[in-house]
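Summary of the model geometry
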Amino acid sequence: MTEVNTRSASLILDYLNDAVLKVDQTGKILGSNFSTKKVFGYDSCQLIDQNIKKLFASFEDSKIDIYLKKSKIGLDSQIVERGIEIVGRQIDGINCDLEFSFYASGQNDPQELIFVFTDPLKRNSTVNHSQDFSYYDPITRLPNRHLFNDRLNQSIAHSMRHKELLALMVLDLNVLKEIYSPVKFAMRDQVLRESAKRLCDSVRIDDTVCRLQGEKFAVLFPQIKNEESASFLAEKIFKNFVTPLCIIDNEISITPSLGISIYPNDGEETQVLLEKAQLALFQVQKNNKKFGFFNHGLHAKTIRRNKIEKALSLAIPNDELRVYYQPKLDLESKKISGLEALVRWERPGFGLVSPGEFITIAEETGLIWEIGEWVLKQACEQNIIWQNEGFQPLPVAVNLSPKQFSQGDLEDLIKKTLLATGLAPEFLDLEVTESAVMENKDETIKTLRKLRDLGVGIGIDDFGTGYSSLSYISSLPNKFIKIDKSFLKNINSKTDQSIINAIVDMARGLNLETIVEGVETETQFELCNKLGCCHVQGYLISRPLPAKDISKLLSCNVYEQLQIKILEGKDCASFSY
C-alpha cells in the first residue's frame, strides 16, 4: 500500500465510531485510531506497548487468551470473529458492555491482529449522534434527565421489592451566573465538567449522577439505611467542593445547595420524588442553608404561596385591591389630623386578605412597585375627592416598601402622581420603616431628601424597633416619627413608659411630631396624652375603613364619639361611625 493510501486509510479509521487497535501476537498494542478515546478514554500514545488485556474486564482474560492462541495456530490463514459480546474497562475503571470483533491475517509477517470494539448504542455515526445526545449530556458526559429517569425507575422498583429506602438529591452549583457571558462559555463548560467530576468522586459506585439542566445536577442514592445516610453523603459532597476550582487561571468557588427527597416517605413515583427534591432545594436556597429534606408542612406553604403569587399578579387588572384608611387623632385639638392609606386585597372566594399575608410575596416577586404605584394614585385621588366634598384638607400617608427605593425612580413617580391627581404635596405623607432606611442608608436618605424637597412629608414608621440611632434620625428630612405599638403592650411597665417619654423628648428636641400607633384602650390613650405625644392612631379611635365610611367619620365629632364609645364600653374594634 502506498504512503498516500496508508494515510487515507488512517483518516477513515479515525472517522469511525468503533475503537480499532493493532496488536501483535503477544497482545501488545501497536497502534489505535482516534475513536479509541471515545470508547475507552485513552489517548493513542497512552496505549502504545500496553497489553490489550488492559481494555477488558478482568474476568474476560480467558477470551483474550483464546484469540491470541487462535492467531498463532492460524499463522497462514485469515481468521475473522464478529459480534462477540464482552465487558470492556474504561480509563476510569468503569466497566462497559461492548461488542468485539477480531481479525487476523496470515499475510503479514510478523502477524498483526486487529481488535475492533463497538458500543452497541453507537453502531453508526447517525445513530451515535442521536442516541448519544438522547441519553448523555454532551458537556459533562453524565447521564441526562432521560437516562436518569430510567435509572430512577429501576431503583424504585428494586427498593419496592426489597423494602429499602433510596434518596434523591437535586443540586444547584450557585455559581455559573457570573460566567454566562458568551466570551466565558468555555470557562462555564469547564466548570460544569470539573463539578461533575467532583460529584462523581463524592458518591458510591452504585450511585448515579446526572446533569438535569443548566447548573443543576441530580444524584441517586439507592439502598440507604436512613436519612442520616443521605446527610452523610451530602456532607461528603460539600467537602469535595471546599477547594475552589482552577479554571483557565481563575479560581472559582462553588457553594452548592442540595434538596433531598426520600423513597417511599416522600413518594413512590419518579416525577413526584424529583419534584419534591426540587421543592426541598427551593426552601434550602430561600433559607440560605446548605441542604435540607423535603418537608410536607413547607410543601403546603409553598403551594399556598404559589397560588397567592399567581392570584396577586391578577389583583390589579381584576380590580381586586382596595384602599382602607385609618385616622390619626390630634391629642391637642381632639380632631382628626390625618389618615393612613392601607392596602387590602379582596380575593374572590377568600374575602379581604391583610397585607401581612401578601406584601412579602409582592416584594419578593417585584409586584410591590405596581401595587405601591396603584395605592399612591388611589390615595391622592381620594384626598382630592374629600377636599372637593368640602372636608378640611388633611394629609394622607402612604407606606413605602424598601423595594420601591431600588426598583425604580421613586422621585419621578411621586412627581407624576401629584401632577396627574392635582394634589398639593403638603397633603401627602410618605412613611418608611427604620429597617428600610438602613437597608441602603446613603441612597435612601438621598432619595428621601429629594422627596422632602418636593414638599411631601416624611415619617419614620415603627420607630424604636430597629436602629433608633439619634445620629441617623437627625440626618433624615423627617416631619414625624411613629412610635411602635409594641411599647403599649405592657403599659404599666415603667421601662416602656420611660422609653416612650424619651422618644417624645428627643422628637421635640428635633422639632418632630410624634404619632403613637396601636392605641386600643382608654389607659393607653390617657398615657399618650400625659406623656405629651402629638397624635394617636389605633382601634380605639377607629379601625381602618373604606373611603365611604371615612367620609361619615369626617362629618362627625370624633372625640365626642370616642367618649361615648368608652362610656358605653363598646368593643372598639367593631365600632362603626
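As the structure is a computational prediction, the values presented were derived from the model and not from experiment.

1. Some words on the pattern of salt bridges
- All chains considered together, the criterion is met by 17 salt bridges.
- Among the salt bridges present, the one from Glu 517 reaches Lys 482, with a minimum N-O distance of 3.9 Å. One end of the pair, Glu 517, is in strand β20 (residues 513-517); the other, Lys 482, is in strand β19 (residues 480-483), with 35 residues separating them in the sequence. The two residues Glu 517 and Lys 482 agree in class, both being buried.
- Among the ionic contacts, a cluster of salt bridges with common partners joins Lys 328, Glu 340, Glu 431, Lys 482 and Glu 517.

2. Comments concerning the packing of helix α12 (residues 367-388) against helix α14 (residues 410-421)
- For the pair α12 and α14, the least separation of the axes is 10 Å and the interaxial angle reads 30°. Comparing the axis directions of α12 and α14 gives the class roughly parallel. The two elements α12 and α14 meet at a crossing, and its hand is right-handed. Residues Trp 369, Glu 373, Leu 376, Lys 377, Cys 380, Glu 381 and Ile 384 of α12 form the contact with α14, whose own contacting residues are Leu 410, Leu 413, Ile 414, Thr 417, Leu 418 and Thr 421.
- Split by residue class, the contact of α12 with α14 holds eight nonpolar, two polar and three charged.

3. Focus: helix α9 (residues 270-286)
- Taking 1.5 Å of rise per residue, 17 residues should cover 24 Å, and α9 covers 25 Å from first to last C-alpha, within 8% of that figure.
- When we look at burial in α9, the residues that qualify are Thr 270, Leu 273, Leu 274, Lys 276, Ala 277, Ala 280, Leu 281, Gln 283 and Val 284.
- Looking one or two residues beyond α9, the residue adopting positive phi is Asn 288, at roughly 55°.

4. A closer look at the packing of aromatic side chains
- Under the defined criterion, the tally for this structure stands at ten aromatic pairs.
- Taken together, the aromatic side chains of Phe 40, Phe 56, Phe 100, Phe 102, Phe 115 and Phe 117 make up a single cluster linked through ring pairs.
- The ring of Phe 238 has Lys 290 lying over it, and the distance from NZ or CZ to the ring centre is 4.8 Å.
- Positioned over the ring face of Phe 350 is Arg 347, at 3.9 Å from the centre of the ring.

5. Description of the environment of Ile 64
- For Ile 64, the position within the fold is in helix α4 (residues 61-73).
- Along the sequence, Ile 64 and Ile 52 sit twelve residues apart, while their C-alpha atoms lie 8.1 Å from each other.
- Those residues in contact with Ile 64 that lie beyond four places of it in its chain are Ile 52, Lys 53 and Phe 56.

6. Remarks on the packing of α14 against helix α16 (residues 441-453)
- Viewed as axis vectors pointing N to C, α14 and α16 meet at an angle of 20°, and their least axial separation amounts to 9 Å. Considered as vectors, α14 and α16 are oriented roughly parallel to each other. When the axes of α14 and α16 are compared, the crossing they make is right-handed. On α16, the residues touching Leu 410, Glu 411 and Ile 414 of α14 are Thr 447, Lys 450 and Leu 451.

7. A closer look at the environment of Glu 81
- By secondary structure assignment, the location of Glu 81 is in strand β3 (residues 79-89).
- The exposure class of Glu 81 is partly exposed, given its relative accessible area of 22%.
- When the C-alpha atoms of Glu 81 and Tyr 67 are compared, they prove to be 9.1 Å apart, with 14 residues separating the residues in sequence.
- If we skip the residues at most four places from it in the chain, Glu 81 touches Tyr 67, Lys 70, Phe 100, Ser 101 and Phe 102.

8. Some remarks on the sheet that holds strand β7 (residues 208-213)
- An order of β7-β8-β6-β11-β12 is seen for the five strands of this open sheet, with the pairing classed as mixed. Each edge of the open sheet carries a strand with a single partner, namely β7 and β12 (291-293). Direction aside, neighbouring strands of the sheet carry axes that sit 20° apart on average.
- By the bridge criterion, seven bridges tie strand β6 (residues 165-172) to strand β8 (residues 216-224) in an arrangement that is antiparallel. In the strand pairing of β8, Leu 165 is matched with Ile 224.
- Contacting β6, β7, β8 and β11 (257-263), helix α6 (residues 145-162) crosses the sheet at an angle of about 20° to β8.

9. Quick look at the side chain of Asp 266
- One can find Asp 266 in the loop between β11 and α9.
- Of the side chains with opposite charge, Lys 276 lies nearest to the buried Asp 266, which makes no salt bridge, at 5.7 Å.
- Residues in contact with Asp 266, not counting those within four places in the same chain, are Ser 261, Val 272, Leu 273, Lys 276, Phe 294 and His 296.

10. Concerning the confidence of the model for the chain
- Mean pLDDT for the chain: 82, with 85% of residues reaching 70 or above.
- Per-element mean pLDDT across the chain ranges from 42 in helix α1 (residues 3-15) up to 96 in strand β16 (residues 396-399).
- The low-confidence segment residues 1-12, where pLDDT is below 50, has one contact with residues more than four positions distant or belonging to other chains.
- Confidence over residues 124-131 falls short of pLDDT 50; this stretch has nine contacts with residues more than four positions distant or in other chains.

11. Some details on the side chain of Asp 429
- Inspection of the secondary structure assignment puts Asp 429 in strand β17 (residues 428-433).
- Take Asp 429: its relative accessible area is 4%, and that puts it in the buried class.
- A polar atom in the side chain of Asp 429 sits 3.2 Å from the side chain of Lys 479.
- In this structure, Asp 429 is in contact with Pro 395, Val 396, Ala 397, Val 398, Gly 457, Lys 479 and Phe 480, ignoring residues within four places of it in sequence.

Parameters at a glance
Residues numbered from 1 in each chain as written. Predicted model: local features only at pLDDT ≥ 70, side-chain atom pairs only at ≥ 80, totals over all residues. Heavy atoms only, no water. Salt bridge = Lys/Arg side-chain N within 4 Å of Asp/Glu carboxyl O. Helix = DSSP H or I, 4+ residues; strand = E, 2+ residues; numbered from the N terminus. Buried < 20%, exposed > 50% of the residue type's maximum accessible area, 1.4 Å probe, protein only. Axes fitted to C-alpha atoms, helices over the stretch in contact; angles between N-to-C directions. Parallel < 35°, antiparallel > 145°, perpendicular 65-115°, else oblique. Left-handed = near helix turned anticlockwise from the far one by under 90°. Contact = heavy atoms within 4.5 Å. Nonpolar A, V, L, I, M, F, W, Y, C, P; charged D, E, K, R; others polar. Expected span 1.5 Å × (residues − 1). Phe/Tyr/Trp six-rings, centres within 6.5 Å; stacked < 30°, edge-to-face > 60°. Lys NZ or Arg CZ within 6 Å of the ring centre and 35° of its normal. Pairing = 2+ DSSP bridges. Lys, Arg positive; Asp, Glu negative; His and termini not counted. pLDDT = per-residue confidence, 0-100. Polar contact = N/O pair within 3.5 Å; in protein donor to acceptor, adjacent residues only side chain to side chain.

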